[in-house]
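Here are the chains, one letter per residue:
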Amino acid sequence: MTDLYESSGSLPHPEIRGYGLRLRPWDPDTEGDVQAWLRGYLDPEFQRWNTPLKPIEGRADAQESMVARVKAAQEGVGASFCVTDATGGVPLGHIGINDIDHVIRVARVGYWVLPDARGRQVATRALALASRWAFEELGLHRLELGHALGHEASCRIAERCGYPAEGTLRGAMFESGRLDAFRDVHLHGRLATDPATDLEPAPVLP
């Protein structure tokens, strides 16, 4: 899809443009990116629904986490994108294609949106773009999206982007702020062979 994806030179993944957004790789050497990553992880709404294995409490933690994402991209097992608007370039959030298994051609999708960017369908548009890229450019067959049971906003985003609910995974993720207790996960999935949704972004010409 050369009309949709724009090369990013030496960066591990291309930029993706469409649906009013630009998805580009995060840069751990750029202070604005580090601060946006830190803000995302410190956001109370993020912490309500997610519990990182390693807490991110300051700039050094954020940068270390970002470097790990770059390494995953270089190794071909992940792709992490900073979501910005199509023109301004201000970070709005994050979307990642994670835990890529190139044998069975499956991966897991995760995303978050900064507080001041909510209410603009940023996650919905970014998920539509990233899903299309993962299927067409990475050749994946299946994408999975899991969220804590009760996270209704994430549930609506998944279903709107063609990820139907497939069931509940018991005790499949940590409780908020704890590594010694578990909660259930609502699982959604999408196949490359599933029909396109009305949110599939139109190609953007260079």
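Residues numbered from 1 in each chain as written. Predicted model: local features only at pLDDT ≥ 70, side-chain atom pairs only at ≥ 80, totals over all residues. Heavy atoms only, no water.

With that out of the way, let us pick up the packing of helix α4 (residues 122-136) against helix α5 (residues 152-160). Interaxial distance between α4 and α5 falls to 9 Å at its minimum, and their mutual angle equals 40 degrees. Looking at the two axes, α4 sits oblique to α5. Handedness of the α4/α5 crossing: right-handed. Residues A123, T124 and L127 of α4 form the contact with α5, whose participating residues are I157, A158 and R160. Tallied by class, residues from the contact of α4 with α5 come to four nonpolar, one polar and one charged. (Axes fitted to C-alpha atoms, helices over the stretch in contact; angles between N-to-C directions. Helix = DSSP H or I, 4+ residues; strand = E, 2+ residues; numbered from the N terminus. Parallel < 35°, antiparallel > 145°, perpendicular 65-115°, else oblique. Left-handed = near helix turned anticlockwise from the far one by under 90°. Contact = heavy atoms within 4.5 Å. Nonpolar A, V, L, I, M, F, W, Y, C, P; charged D, E, K, R; others polar.)

All right, on to the layout of surface pockets then. The space that makes up the second largest pocket amounts to roughly 200 Å³. Forming the walls of the second largest pocket are 14 residues, and the residues nearest its centre are Q47, T51, P52, P55 and I56. Of the residues that constitute the lining of the second largest pocket, the class distribution is eight nonpolar, four polar and two charged. (1 Å grid on protein atoms, 1.4 Å probe; cavity = no way out; pocket = protein on both sides within 12 Å on 5 of 7 lines; lining within 4 Å. Points joined across faces, edges and corners; volume = space filled by probe spheres on them.)

The next thing to look at is α5. Because the α-helix completes a turn every 3.6 residues, residues three or four places apart line up on one side. Among all positions in α5, only S154, C155, I157 and A158 are buried. For α5, the angular spread of buried residues about the axis comes to 165 degrees, placing them on one side. The elements touched by buried residues of α5 are β6 (106-113), α4, β7 (142-148) and β9 (182-191). Count one or two residues on from α5 and you reach G162, which has phi positive near 85 degrees. (Buried < 20%, exposed > 50% of the residue type's maximum accessible area, 1.4 Å probe, protein only. Arc of directions from axis to C-beta.)

Applying the stated criterion across every chain, the model contains zero disulfides. Of the cysteine sulfurs around C82, a residue in no disulfide, the closest is that of C161, at 18 Å. Looking at C155, it has no disulfide partner, and the nearest cysteine sulfur is the one in C161, 12 Å off. Look at C155 and you get buried, because its relative accessible area is 10%. (Disulfide = S-S within 2.5 Å.)

Mapped onto the secondary structure, E136 falls in helix α4. Taking the C-alpha atoms as reference, E136 lies 34 Å from P55; in sequence the two are 81 residues apart.

For the rest of this paragraph, the subject is the environment of R105. With respect to the helices and strands, the residue R105 is situated in the loop between β5 (91-101) and β6. Linking R105 and L138, residues 33 residues apart in sequence, is a C-alpha distance of 8.6 Å. Once you skip the residues sitting within four places of it in the chain, R105 turns out to touch G139, L140, H141 and R142.

A word on the side chain of S131. The topology assignment puts S131 in helix α4. Assessed through its relative accessible area of 1%, S131 is described here as buried. Looking at S131, its side chain comes within polar contact range of the main-chain oxygen of L127, at 2.6 Å. There is a polar contact of 2.7 Å between the side chain of S131 and the side chain of Y163. Setting aside residues up to four positions removed in sequence, S131 forms contacts with L143, Y163 and R190. (Polar contact = N/O pair within 3.5 Å; in protein donor to acceptor, adjacent residues only side chain to side chain.)

Quick look at α4 now. Between its first and last C-alpha, α4 extends 21 Å over 15 residues, near the 21 Å set by a 1.5 Å rise per residue. With 14 of 15 residues buried, α4 lies mostly within the body of the structure. (Expected span 1.5 Å × (residues − 1).)

All told, the structure shown has 13 salt bridges when counted by the stated rule. As a salt-bridge pair, D33 and R24 come within 2.7 Å of each other at their nearest N and O atoms. The burial state of D33 is the same as that of R24; both residues are buried. (Salt bridge = Lys/Arg side-chain N within 4 Å of Asp/Glu carboxyl O.)

By themselves, these observations are geometric and do not establish any function.
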